[in-house]
Each structure stands twice: as C-alpha cells, then as structure tokens.
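If you want the building blocks of each chain, they are given just below.
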Amino acid sequence: MPPGMLAGHPPRPVYREPHPIATAPLLSGMAAAMVWLAAFGFLGRDLAGYAWWTVVAAVTAWAVALILSVLGDRGVATGVAIVTGIGLSIAMGFVTYRWVTTLDWPLW
C-alpha cells in the first residue's frame, strides 16, 4: 500500500473494561477466603470432617462471591473464588489420596 492510504480512516477502537479489577481488592478477597477456609478447616477432627467443612465453606464463599460480583466489588469476588477453588481442590486431593491408598471412600 502506498503511504498515507489509510490516513483518512478512524483509528482502531480500544476496548476497555468498564469496571477493572484492582490489585488491592483482589488480594484482600484472597486473604479473606484463606482465613475463611482455615477457620472451617480447623473444625474437622479427621479427614472426612475437614473435607465436609471445606465443602461447606466453599459453597458459602462462592455464594458470597456471586453476590459480590453482582452487587459489590468484583475484585474481592474474584479473589474469594480463586482461593476457594484452590482450597477445595487441595481438600479433594487429600480425599482422593486416601481413597487411592486405602480403597475406602473417606467421606461416607
């Protein structure tokens, strides 16, 4: 193309998030979720108790994250959802390890 051929065209559009997620709310949501999962995790006396309390904590945290994403701060909601997913994955990893090594499902 010859130089200056596109000079009359408007510049390409720039799409930006109308409500960007900031770092501080994300980290505060992550910290709150860690404390929440730890508080519930300490209630369990064995692996089954720990796993069930973690499931209860994860479900309630995800409900709060859903409400926060609609009505509150999306950064905090994202931090809560990320840490809760990781915490639940760790708990289910312990359950799976026990199940594989003993051939007994530990949650019943």
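For clarity, every value in this text was computed on a predicted model and none was experimentally measured.

Chemist: Can you explain the overall build of the protein chain? Please cite residues and give values.
Modeler: Across its full length, the protein chain holds three helices and zero strands. Secondary structure elements of the protein chain, listed N to C terminal, follow the sequence α-α-α. Here the protein chain has a C-alpha radius of gyration of 22 Å; the compact-globule value for 108 residues is 13 Å, and the former is much larger. The buried share among the 108 residues of the protein chain stands at 25%. Sequence separation of 24 or more characterises 64% of the internal contacts of the protein chain that already satisfy a separation of 6 or more. Accessible area of the protein chain: about 7900 Å², with a carbon and sulfur share of 72%. Mean positive and mean negative side-chain charge positions of the protein chain (5 and 4 charges, respectively) differ by 11 Å.

Chemist: Residue-level account of the packing of aromatic side chains, with values.
Modeler: Taken as a whole, this structure holds five aromatic pairs when the rule is applied. With a centroid separation of 5.7 Å and 50° between ring planes, the pair formed by F40 and W53 is classed as tilted. Of this pair, F40 sits in helix α1 (residues 23–41) while W53 sits in helix α2 (residues 47–71), and the two are 13 residues apart along the sequence. Classification of F40 by relative accessible area gives buried; the value is 16%. Of the residues examined, W53 reaches a relative accessible area of 34% and is grouped as partly exposed. Taking 6.2 Å as the distance between ring centres and 35° as the angle between the ring planes, the aromatic pair formed by W52 and W108 counts as tilted. Here W52 is found in helix α2, whereas its partner W108 is found in the segment after α3 (74–102), with 56 residues between them in sequence. Of the residues examined, W108 reaches a relative accessible area of 81% and is grouped as exposed.

What counts and what doesn't
Residues numbered from 1 in each chain as written. Predicted model: local features only at pLDDT ≥ 70, side-chain atom pairs only at ≥ 80, totals over all residues. Heavy atoms only, no water. Helix = DSSP H or I, 4+ residues; strand = E, 2+ residues; numbered from the N terminus. Rg over C-alpha atoms; globule rule 2.2 N^0.38 Å. Buried < 20%, exposed > 50% of the residue type's maximum accessible area, 1.4 Å probe, protein only. Contact = heavy atoms within 4.5 Å. Areas by Shrake-Rupley, 256 points an atom, 1.4 Å probe, with all protein chains shown as cover. Lys, Arg positive; Asp, Glu negative; His and termini not counted. Charge placed at Lys NZ, Arg CZ, Asp CG, Glu CD. Phe/Tyr/Trp six-rings, centres within 6.5 Å; stacked < 30°, edge-to-face > 60°.

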